[in-house]
Amino acid sequence: MSTGITMASMSRYAILGCGSVGHAVAEDLVAEGKEVEILDRDESRVEALRDQDLDAHVADIRDAAIVEEVADCDVVLIMSSDVEANAAAVENIREAGGEHFIVARASDPVSADELTELGADVVINPSAVIADSALRALETGELEFKATNLAEVIDATDDRMAILIHRSPDPDSIASAAALRDIAESRGVEADIVYEGEIGHQENRAFVNLLGIELVSMSEVDMADYDTVALVDYAKGGEPDVERIDVLIDHYEHEEDNLDVSFTDVRPNVSATSTILTKYIQELDLTLSQEVATALLYGIRAETLDFKRDTTPADLTAAAYLYPFADHDTLEQVESPSMSPETLDVLAEAIRNREVSGSHLVSNAGFIRDRDALAQAAQHLLNLEGITTTAVFAIADDTIYLAARSKDIRMNIGKVLDDAFGEMGEAKGHSTDAAVEIPLGIFTGIETSEDNRETLLQLTEEAVRKKLFDAMGVESSDGNGS
């Protein structure tokens, strides 16, 4: 058993209560060349420890005199299975003014809290440590099993593999697909990354161009040419119109729960599909190219808002693994792309038409061509002083598009949009980042035409603002905010 304690400046250790846990700790410390003194009330146990050339003495750790026994020790590890005795030892040492670094053993959360209150610097619960170790072993075994299964499905490909990503893909989708393509090509299988829609957001275009990631539009391929089809980070785009799916990897659950898929790995307990693919890269021991490492790191950072949104330990460990392999100059270029004239126009219109109620901002950007500009406008407006939640909407073709952002921990903006528009449109997103599309005719009852553009805009603006502010639980002001 390894304690994980590496305190080079601390020269002498005392272990109070030397059951199996304390014995294991003592052996580890002695093996590291540490000077260790063991105190235990069991005479036969002390004798056995002395037979192993350990410095052991008989003493009752409940006794206040124990303070003198450990006076010249820097670290005191109180490892008895008797938690009440451990508490007494901590209390006696602290009441005597001892400045030792104390590690104490608990049996449950309640005793852990008590030991902390009495002055223990670190509290350990062996059952929790064992449970954590078992879970890590389970995760390792499960990943090994899944990696083998994924490799088998890829190896069964006769000709070519298609990796489908959701409409207007984001960095997490693109990076995950690039990683899966690398895995396939490492096994001698050629693969195409296939997407629908457009790559409209400037950051996403910069991401693809700078890293040289080759994508193929769905309109340019015949899906019948592929004998293996993978869906990667696709849940946000609904379900694809394909006859079969062989591989499904995502960090969102899919709405269709009856999909017949040969290999599935869906993990809602991580925040990015890039995290999942990084684990496969590690498990399969692949040489990671700088381009794919950079893409995966950016995919994780983008999905977690630079580790500020719903970040899990798995996301952090994946990012730490990728960091040395990534091109950080390229990352900086991706994160600071030039803004297109239309995006600038949309942002200007959103600023001009903003209405603020408290810390909530709602704005109408009018008629637009670039829907991705709405998300950028919502993000930029979130930087205004005093603003914690933004929503920017506009009309394109026969649809109302709305993008929202929030840094208010009390609000789930995805739920707000679903509450406001779920019955008439499709809302998707996170607690801090969400969007909705609403058919214009259903919303206003008026068809789009050049003659009624202003009427449409006015009706849309009044209704959307009211529904949004109502769902946010705030009152709409009469005029524009500032």
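What counts, and where the lines are drawn
- Residues numbered from 1 in each chain as written.
- Predicted model: local features only at pLDDT ≥ 70, side-chain atom pairs only at ≥ 80, totals over all residues.
- Heavy atoms only, no water.
- Helix = DSSP H or I, 4+ residues; strand = E, 2+ residues; numbered from the N terminus.
- Buried < 20%, exposed > 50% of the residue type's maximum accessible area, 1.4 Å probe, protein only.
- pLDDT = per-residue confidence, 0-100.
- Contact = heavy atoms within 4.5 Å.
- Axes fitted to C-alpha atoms, helices over the stretch in contact; angles between N-to-C directions.
- Parallel < 35°, antiparallel > 145°, perpendicular 65-115°, else oblique.
- Left-handed = near helix turned anticlockwise from the far one by under 90°.
- Nonpolar A, V, L, I, M, F, W, Y, C, P; charged D, E, K, R; others polar.
- Salt bridge = Lys/Arg side-chain N within 4 Å of Asp/Glu carboxyl O.
- Right-handed = clockwise from strand over helix to strand, strands pointing away.
- Pairing = 2+ DSSP bridges.
- Core = buried A, V, L, I, M, F, W, Y, C linked by side-chain atoms within 4.5 Å.

1. Examining unusual backbone geometry
Positive phi is not limited to glycine here, since Asp 285 has a value of about 55 degrees. In this structure, Asp 285 sits in the loop between α9 (273-283) and α10 (290-303). The exposure class assigned to Asp 285 is exposed, which follows from its relative accessible area of 67%. A positive phi angle, close to 50 degrees, is found at Leu 305, a residue other than glycine. Tracing the backbone shows Leu 305 in the loop between α10 and α11 (313-322).

2. Brief notes about the confidence of the model for the protein
Of the residues in the protein, 90% have a pLDDT of 70 or more, and the chain-wide mean is 85. No element of the protein has a lower mean pLDDT than helix α16 (residues 440-444), which averages 65, and none a higher one than α9, which averages 95. Here residues 1-10 is modelled with pLDDT under 50, and outside its nearest four sequence neighbours on either side it reaches 17 contacts, counting other chains as well. This stretch, residues 478-482, has a pLDDT under 50; its non-local contacts, to residues over four places away or in other chains, come to nine contacts.

3. Brief notes about the packing of α10 against helix α12 (residues 328-335)
Remark: α10 packs on α12, axes separated minimally by 10 Å, with the N-to-C direction vectors making an angle of 45 degrees. In terms of axis orientation, α10 runs oblique to α12. Both α10 and α12 take part in a crossing whose hand is right-handed. Along the contact surface, α10 presents Thr 294, Leu 297, Tyr 298 and Arg 301, while α12 presents His 328, Leu 331, Val 334 and Glu 335. For the contact of α10 with α12, the per-class residue count stands at four nonpolar, two polar and two charged.

4. So, the pattern of salt bridges
Scanning all chains against the criterion turns up 21 salt bridges. For the salt bridge of Arg 12 with Glu 37, the shortest nitrogen-to-oxygen distance reads 3.2 Å. Within this pair, whereas Arg 12 is found in strand β1 (residues 12-16), its partner Glu 37 is found in strand β2 (residues 35-40), the two being separated by 25 residues in sequence. In this pair, the class of Arg 12 matches that of Glu 37, namely buried. Of the charged contacts in the structure, one is a salt bridge between Asp 40 and Arg 45, with a shortest N-O distance of 3.2 Å. Judged by relative accessible area, Asp 40 falls into the buried class, the value being 3%.

5. Details of the pairing of strand β8 (residues 190-195)
The buried count for β8 comes to five of six residues, which makes it a mostly enclosed element. Of the crossover connections in this fold, the one passing from strand β7 (residues 160-164) over helix α7 (residues 171-186) to the parallel β8 is right-handed. Bridge count between β8 and strand β9 (residues 216-217): two bridges; the pairing is parallel. Its bridge partner being in β9, Tyr 195 is matched across the sheet by Ser 217.

6. Structural notes on the sheet that holds β1
Strands sit in the order β3-β2-β1-β4-β5-β6 across an open sheet of six strands; the sheet is parallel. At either end of the open sheet lies a strand with only one pairing partner, and these are β3 (55-58) and β6 (122-124). For this sheet the average axis-to-axis angle between neighbouring strands, irrespective of direction, equals 20 degrees. Where β1 and β2 come together, five bridges link them in parallel fashion. Opposite Arg 12, over in β2, you have Glu 35 as the bridge partner. Packed onto the sheet, helix α2 (residues 43-51) meets β2 and β3 and runs at close to 165 degrees relative to β3.

7. Here's the deal with the sheet that holds β9
One open sheet accounts for six strands, arranged β9-β8-β7-β10-β11-β12; its pairing is parallel. Both outer strands of the open sheet, β9 and β12 (261-266), are each paired with one neighbouring strand and no more. In this structure, strand β11 (residues 245-250) lies alongside β12, joined through five bridges in parallel fashion. The residue bridging Ile 245 from the neighbouring strand is Val 261, located in β12. Against the sheet, helix α6 (residues 126-155) makes contact with β7, β10 (228-232), β11 and β12, and its axis sits at roughly 140 degrees relative to β12, the strand it touches most. Across the sheet, α9 lies against β10, β11 and β12, angled at about 110 degrees from β11, the strand it touches most.

8. A few points about the nonpolar core
Judged by nonpolar contacts, the single largest core of 52 residues is most densely connected at Met 161, Leu 180, Phe 207 and Ile 213. Ranked by the residues each element gives to this core, the list is headed by α7, at eight residues. Residues in contact with Ile 213, not counting those within four places in the same chain, are Ile 174, Ala 178, Arg 181, Ile 193, Phe 207, Val 208 and Ala 295. Ranked by size, the runner-up nonpolar core spans 23 residues in total, among them Ala 404, Leu 417, Val 436 and Leu 440.

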